[in-house]
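Close look at the chain arrangement
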Amino acid sequence: MASFLHRSGPVSRYGTAAGTGALAVLLLVGICGSPAYTGWAATLTDPESGGAFYARLLAWPAWRLDADGQAGGLFAADVRAVLLVVLAVALLYLLPAAQVARVPGPVSQFFSGWAAYVLAGGLAAVLAVLLGPAPSLLGTLQGASTGAGYGFLTGWIIGVASLGGRA
């Protein structure tokens, strides 16, 4: 029949679970952390609805194109988003290796991607506070809670993106 319907060759030409998860992280932070999306999410009319809450939550790793007078400059304004991407990608590549060896399959890929994003969100928030202009214990604890909560509620997106790739 048609040769393009027949898959020949190794599965290695398809992306890795960590690679597709990393692409999802870049897209999620790039789109939902953008100034356009963040501004839109802030203007939602019903702040008490679940949809508005989730839209604002997706904007948590906000990044800016200018420092807007923030102490520390542009890097300090964007450090949380940068750390989230770097840590999530690193954890996506580190976590599945041990998981897949014990429990192969899509369930392991999903939970590894989700867990990597939860950890990355919490760690990024903690490091952003510690590297920021006014580090404090209270700010660090609040940041860890917010970042891990963000990762828990949005990490399923990264977990789904990690499905189907090779380990």
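Basis of the calculations
- Residues numbered from 1 in each chain as written.
- Predicted model: local features only at pLDDT ≥ 70, side-chain atom pairs only at ≥ 80, totals over all residues.
- Heavy atoms only, no water.
- Helix = DSSP H or I, 4+ residues; strand = E, 2+ residues; numbered from the N terminus.
- Buried < 20%, exposed > 50% of the residue type's maximum accessible area, 1.4 Å probe, protein only.
- Contact = heavy atoms within 4.5 Å.
- Areas by Shrake-Rupley, 256 points an atom, 1.4 Å probe, with all protein chains shown as cover.
- Axes fitted to C-alpha atoms, helices over the stretch in contact; angles between N-to-C directions.
- Parallel < 35°, antiparallel > 145°, perpendicular 65-115°, else oblique.
- Left-handed = near helix turned anticlockwise from the far one by under 90°.
- Nonpolar A, V, L, I, M, F, W, Y, C, P; charged D, E, K, R; others polar.
- pLDDT = per-residue confidence, 0-100.
- Phe/Tyr/Trp six-rings, centres within 6.5 Å; stacked < 30°, edge-to-face > 60°.
- Lys NZ or Arg CZ within 6 Å of the ring centre and 35° of its normal.
- UniProt positions renumbered as here; feature names shortened; annotations may be inferred.

A short note on the overall build of the chain
- Of the regular secondary structure elements, the chain holds 6 helices and 0 strands.
- When the helices and strands of the chain are listed from N to C terminus, the series reads α-α-α-α-α-α.
- Within the span of the chain, comprising 167 residues, buried residues form 37% of the whole.
- Once local pairs closer than 6 in sequence are excluded, the contacts in the chain between residues at least 24 apart make up 72%.
- Carbon together with sulfur atoms contributes 72% to the accessible area of the chain, which is approximately 9,300 Å² in total.

What to know about the packing of helix H5 (residues 106-131) against helix H6 (residues 137-162)
- One can describe the packing of H5 onto H6 by two numbers: an axis separation of 6 Å at closest approach and a directional angle of 155°. By the angle class used here, H5 and H6 are roughly antiparallel. Of the two possible hands of crossing, H5 and H6 adopt the one that is right-handed.
- For the contact of H5 with H6, the per-class residue count stands at 15 nonpolar, 13 polar and no charged.

Things to note about the confidence of the model for the chain
- For the chain, mean pLDDT is 82; residues scoring 70 or higher make up 77% of the total.
- Confidence scores differ between elements of the chain, with helix H4 (residues 73-102) showing the lowest mean pLDDT of 78 and H6 the highest of 94.
- In this model, residues 1-13 is a region of pLDDT below 50 whose contacts with residues beyond four sequence positions or in other chains number 5 contacts.

Here's the deal with the packing of aromatic side chains
- For the structure on display, the rule yields 7 aromatic pairs.
- The interplanar angle of 10° and the centroid separation of 6.1 Å between the aromatic rings of Phe-111 and Trp-114 together place this pair among those described as stacked. Pair noted here: Phe-111 and Trp-114 are both in helix H5, with a separation of 3 residues, about one helical turn.
- When the centroid spacing of 5.6 Å and the interplanar angle of 50° are considered together, the rings of Tyr-117 and Tyr-150 count as tilted. With a gap of 33 residues between them, Tyr-117 in helix H5 and Tyr-150 in helix H6 connect regions that are remote in the sequence.
- The buried category is assigned to Tyr-150, whose relative accessible area is 0%.
- Ring pairs connect the aromatic residues Phe-110, Phe-111, Trp-114 and Phe-152, which therefore count as one cluster.
- Seen from the ring of Trp-60, Arg-80 lies directly overhead, with NZ or CZ sitting 4.5 Å from the centre.

As for the UniProt feature "transmembrane region" (unreviewed entry) in the chain
- On the UniProt side, "transmembrane region" (unreviewed entry) is annotated at positions that read residues 79-98, 110-131 and 143-164 here.
- Between the end C-alpha atoms of residues 110-131 there is a gap of 31 Å, over a span that is 100% helix and 0% strand.

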